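# Residue-level structure breakdown
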2 protein chains.
Amino acid sequence: MITPPTDPQRVDAADVRSTNLAVVLRCVREQAPCSRADIAAATGLNKTTVSSLVSELLKRRLLREVGMAGNRVGRPAVMLTLDGASYAAIGVEVAAEHLTAIAVDLTGRTLLSWRRALPPEARTRLVTTVAALGRRVVTRADQDGRTVLGLAVALADGTGAGPGFATDLAAALQAPTFPVEAGRGADFAVLAERRFGPHAGVADLVYLTADPAPAAGLVLGGTPHRGSLGRSGDIAHLVVDPAGPACACGRRGCLTAVAGAAAVARRATPPGAEAVAQTKGAPVDVDQRIDAAVARAHAGDRPTLDALAAAGRDLGGGVAVLLRVLDPAVVVLGGHYAPLAPWLLPGVHAVLREQEADVDGRRVVASTLGRDAAALGAAGWILDVVEGGRLPGDHLWSAAGAVQPRLLT
Amino acid sequence: MITPPTDPQRVDAADVRSTNLAVVLRCVREQAPCSRADIAAATGLNKTTVSSLVSELLKRRLLREVGMAGNRVGRPAVMLTLDGASYAAIGVEVAAEHLTAIAVDLTGRTLLSWRRALPPEARTRLVTTVAALGRRVVTRADQDGRTVLGLAVALADGTGAGPGFATDLAAALQAPTFPVEAGRGADFAVLAERRFGPHAGVADLVYLTADPAPAAGLVLGGTPHRGSLGRSGDIAHLVVDPAGPACACGRRGCLTAVAGAAAVARRATPPGAEAVAQTKGAPVDVDQRIDAAVARAHAGDRPTLDALAAAGRDLGGGVAVLLRVLDPAVVVLGGHYAPLAPWLLPGVHAVLREQEADVDGRRVVASTLGRDAAALGAAGWILDVVEGGRLPGDHLWSAAGAVQPRLLT
């Protein structure tokens, strides 16, 4: 009648120390520059403990001292900040037609941001392609004297990469000294919006993207929501109009068919406009069509504006579903939707008003991180893992155990 | 640069005591009968502390001793269980055409379950009607020598009850000695499925009902999800088919129009079948139509079976949306859907297979709590509040501060 003790409060001393190190690290991130006494006051840890924890974090080059505080009552105190010089976290996004690599330091400052086309032939050897890019970023970090904290790959829905990607990538990187992880792009992107965008502290946040397939990343009640099978926000084939256009899946009116990246690019390229992109001499892919549509919309091209307004209305049908089911505080339009947002949003808002799903239309906004959110979120996730108590150099150090974006490996 | 301390770890001694009392209470619920030593082993609290906490819980009549343990190594120990004799928690559901009142003891055992028709004239003075029913349940509890822990009212979406209901009800009950709360029916029902149904431990659980309006109660990541405005799962006007039947809201193809309680009742009452219910002499309302449809379906009436199969397919369109967005482990069909589930589920499952939203069809099941889930969940929520550390008799005692179903007051 008595089950074995499984009390989650029971933790060993190493776990407590690790947790407290993370508490101090997060405290400094939020309040830097701050003194040991400030940390003790903010965390409730006693000053001796804080001093010991800070010493260890200084030794591990996660914190650094930045001189004495001025304008303070009492004895001047040594101020602390995160050490921005010692580490790099790497995020790579695999989208349908391009790769983005971003490296950030421990403070979240962007060290580099590279974008590369992903031509069809490279898509067939994706692990090799991503490994080559990853190696270049790692080399750059090495040259800067930085230790790589980890590399996370954000895989867009519909790119075909799946379970095993991170394992294969780690193998291709030949025994990297840092964790290599992979997850869904939308899941990383929503974390980026919260960490680097204007949505910190928003408990219920949705990131909506489509590159190539519509996908939503969810933070609910302050926590990433992945679902029971890791498939939450898998809205590519959400049927928004059973009588709508045919989808490649064989059904009709899927969100992909009305408002996926290819559908939006096609719709936003009215007859005659195609030549604009083609004259550039490159194959006309979705990325280029969308760039061209943005340019035409900026120029006030009426057929393009009308097409984007109509696409926005169809996208609004999908957004209405997310609002009704989840009631998030904010829905961020990211990925390819971000640059098109000025012309998509009026249609989205109109449908939400008509359906009484969001009467004042203020909950749906464009990403301020543009198309980089997924890569940035992947890099930021590596920082989340560190701040979650898995410090570099620890025997424990592995991103895989962290409760964070769903992992495909 | 230093913000005021806001550390959640900082709690005062009374809070710690209260939390520990709740930890012991939950431990006994899960493991009863168990000894003080068992509790210490399971919770990690030391034996002296456990003894002190148990003494207080015995004094408050929340626990009771049930004799010595047999078949145990060492000195026989006094065993403890929850005290089922001293308290009653009351839940009332307000549905479109009926009220359900349920009282449970501290162990969750049902003390009474009453169902009353809610005729149109009573709907116009809902507070008075619910207060009258509530008083009768309280009187019964008093007669049994039980202290009422609280009364929670589950208000179905679409019944028109809103903010202020609990305050008005408390006023009508004339200074009750227990907390009076109100919340959405679906939110309480999903908690009932988790506490009293077969879905304990399911992290991502959805309860779907329609009495009168379709509504979903959500538990995600083990936590109730209410949304930023308290409107999550508000799917009555989710558009499942823009070309579908007209809805009373003026739009077309809302879930209410294709699979709300009235729509299902109407569809499941083929021409000619109406007379069956009418011969009973009562006004033909939705509750009665559904009871009659269940009877005809049991009897194998082909038009009824065909109509329910078609309604199940339309309901499946709504369930597919919930599965794609949330990826729950289980979707429970409750309320009016529960008695109809044997005939609705094949259509639901077929659509989910066709849309590849749930290939094996095993995630959508009928409620085993039948139509009582919301009232039971409301009563269970009162127990949740107690187990959350707000013990009866405490100065603190108020359900309103608990993180539980969204409250309409």
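The rules we used
Residues numbered from 1 in each chain as written. Chains lettered and ligands numbered in written order. Predicted model: local features only at pLDDT ≥ 70, side-chain atom pairs only at ≥ 80, totals over all residues. Heavy atoms only, no water. Helix = DSSP H or I, 4+ residues; strand = E, 2+ residues; numbered from the N terminus. Buried < 20%, exposed > 50% of the residue type's maximum accessible area, 1.4 Å probe, protein only. Contact = heavy atoms within 4.5 Å. Axes fitted to C-alpha atoms, helices over the stretch in contact; angles between N-to-C directions. Parallel < 35°, antiparallel > 145°, perpendicular 65-115°, else oblique. Left-handed = near helix turned anticlockwise from the far one by under 90°. Salt bridge = Lys/Arg side-chain N within 4 Å of Asp/Glu carboxyl O. Polar contact = N/O pair within 3.5 Å; in protein donor to acceptor, adjacent residues only side chain to side chain. pLDDT = per-residue confidence, 0-100. Pairing = 2+ DSSP bridges. Buried area = accessible area lost by both parts, 1.4 Å probe. Nonpolar A, V, L, I, M, F, W, Y, C, P; charged D, E, K, R; others polar. Least-squares fit on C-alpha atoms with pLDDT ≥ 70 in both. Disulfide = S-S within 2.5 Å. Expected span 1.5 Å × (residues − 1).

Here we take up the overall build of chain A. In terms of helices and strands, chain A carries 14 helices and 13 strands. Here chain A holds 409 residues, and 57% of them are scored as buried. Here the contacts in chain A between residues at least 6 apart in sequence split such that 64% fall between residues at least 24 apart.

This part takes up the packing of helix α11 (residues 286-298) of chain A against helix α12 (residues 302-326) of chain A. Between two packed helices, both the angle of their axes relative to each other and the distance between the axes serve to describe the pair. Residue and element names in this part refer to chain A. Contact geometry of α11 with α12 gives a least axis separation of 8 Å together with a crossing angle of 115°. By the angle between their directions, the pair α11 and α12 is classed as roughly perpendicular. Note that α11 runs across α12; the crossing there is left-handed. Contacts between α11 and α12 pair A293, R296 and A297 from the former with T304, L305 and L308 from the latter.

What follows covers unusual backbone geometry. Following A32 of chain A, the chain continues to P33 of chain A via a peptide bond in cis, the omega torsion being -5°. One can find P33 of chain A in the loop between α1 (13-31) and β1 (34-35). For the bond running from D211 of chain A to P212 of chain A, omega is 10°, close enough to zero to count as cis. You can see P212 of chain A is positioned in the loop between β9 (205-210) and β10 (214-220). One non-glycine residue, Q174 of chain B, adopts positive backbone phi at about 55°. Inspection of the secondary structure puts Q174 of chain B in the loop between α6 (165-172) and β8 (180-184). Its identity is not glycine, yet D327 of chain B carries a phi of approximately 50°, on the positive side. Locating D327 of chain B in the fold gives a position in the loop between α12 (302-326) and β12 (330-333).

This structure, assessed with the given rule, holds 36 salt bridges over all chains. In this structure, E387 of chain A engages R195 of chain A in a salt bridge whose closest nitrogen and oxygen atoms are separated by 2.9 Å. With a gap of 192 residues between them, E387 of chain A in helix α14 (residues 373-387) and R195 of chain A in helix α7 (residues 185-195) connect regions that are remote in the sequence. R195 of chain A shares its class with E387 of chain A; the two are buried. R251 of chain B is the partner of E356 of chain A in a salt bridge, and the nearest nitrogen-oxygen pair spans 3.0 Å. Of this pair, E356 of chain A sits in the loop between α13 (337-354) and β13 (364-366) while R251 of chain B is found in the loop between β11 (223-224) and α8 (255-259), placing the two residues in two different chains. Of the residues examined, R251 of chain B reaches a relative accessible area of 16% and is grouped as buried. Salt bridges linked by common partners bring R29, R195, D384 and E387 of chain A together as one network.

With 10 of 11 residues buried, α7 of chain A is to be regarded as a mostly interior element. Looking only at α7 of chain A, the buried set comprises G185, A186, D187, F188, A189, V190, L191, A192, E193 and R195 of chain A.

Here we take up the side chain of E56 of chain B. Residue and element names in this part refer to chain B. Looking at the secondary structure, you find E56 in helix α3 (residues 47-59). At a separation of 2.8 Å, a polar atom in the side chain of E56 contacts the side chain of R60. Once residues within four sequence positions are removed from consideration, E56 is found in contact with R17 and L21.

A word on the confidence of the model for chain A. Confidence in the prediction for chain A averages 87 pLDDT; 88% of positions are at 70 or higher. With pLDDT under 50 throughout, residues 1-11 of chain A is counted as low confidence; its partners more than four residues away or in other chains account for 21 contacts.

All names here are of chain B. Spatial ordering of the open sheet is given by β6-β5-β4-β7-β8, a layout of five strands whose pairing is mixed. Looking along the sheet, the strands with just one partner apiece sit at the ends: β6 (110-117) and β8. Each strand axis lies, on average, 15° off the axis of its neighbour in the sheet, ignoring direction. In this structure, strand β4 (residues 87-94) lies alongside strand β7 (residues 147-155), joined through eight bridges in parallel fashion. The residue of β7 that forms the bridge with Y87 is T147. The sheet contacts of helix α5 (residues 126-143) involve β4, β5 (98-104), β6 and β7, and relative to β6 the element is tilted by about 150°.

Tallying the contact residues gives 53 residues for chain A and 53 residues for chain B. Together, the buried faces of chain A and chain B total about 3800 Å²; carbon and sulfur atoms form 52% of this surface. Across the contact surface, chain A and chain B share two salt bridges. Remark: the boundary between chain A and chain B carries 30 residue pairs in polar contact (both at pLDDT 80 or more). Broken down by secondary-structure element, the contributors of at least two residues to the side of chain A that touches chain B are α1, α2 (36-43), β10 and α12 of chain A. For the side of chain A that touches chain B, the per-class residue count stands at 24 nonpolar, 14 polar and 15 charged.

All names here are of chain A. Spatially, the three strands line up as an open sheet ordered β1-β3-β2, and their pairing is antiparallel. The sheet is open, and its two borders are formed by β1 and β2 (63-68), each paired with just one other strand. Running at roughly 110° to β2, helix α3 (residues 47-59) makes contact with β2 and β3 (78-82) of the sheet.

A few words on the relation of the copies chain A and chain B. For the match of chain A to chain B, the screw axis carries a shift of 0.1 Å, the RMSD comes to 0.1 Å, and the turn is 180°. Each copy turns onto its partner about a two-fold axis. The C-alpha atom lying nearest the rotation axis in chain A is that of D241 of chain A; the distance is 2.9 Å. When the interface residues of chain A are mapped onto chain B, 100% of them again lie at the interface, so the same face is used by both copies.

Residue and element names in this part refer to chain A. Going through the model one piece at a time under the given rule, you end up with zero disulfides over all chains. Lacking any disulfide linkage, C27 is separated from the closest cysteine sulfur, that of C34, by 5.2 Å. On the basis of relative accessibility, which here comes to 6%, the residue C27 falls in the buried class. Of all cysteine sulfurs, the one in C254 lies closest to C249, which takes part in no disulfide; the gap is 3.6 Å. Residue class for C249 comes out partly exposed when judged on its relative accessible area of 29%.

A few words now on α12 of chain A. Residue and element names in this part refer to chain A. With 25 residues, α12 extends 35 Å from end C-alpha to end C-alpha; this agrees with the ideal 36 Å at 1.5 Å per step. Across the 25 residues of α12, 18 count as buried, placing the element largely inside the fold. Positive phi appears at D327, one or two residues downstream of α12, with a value of about 50°.

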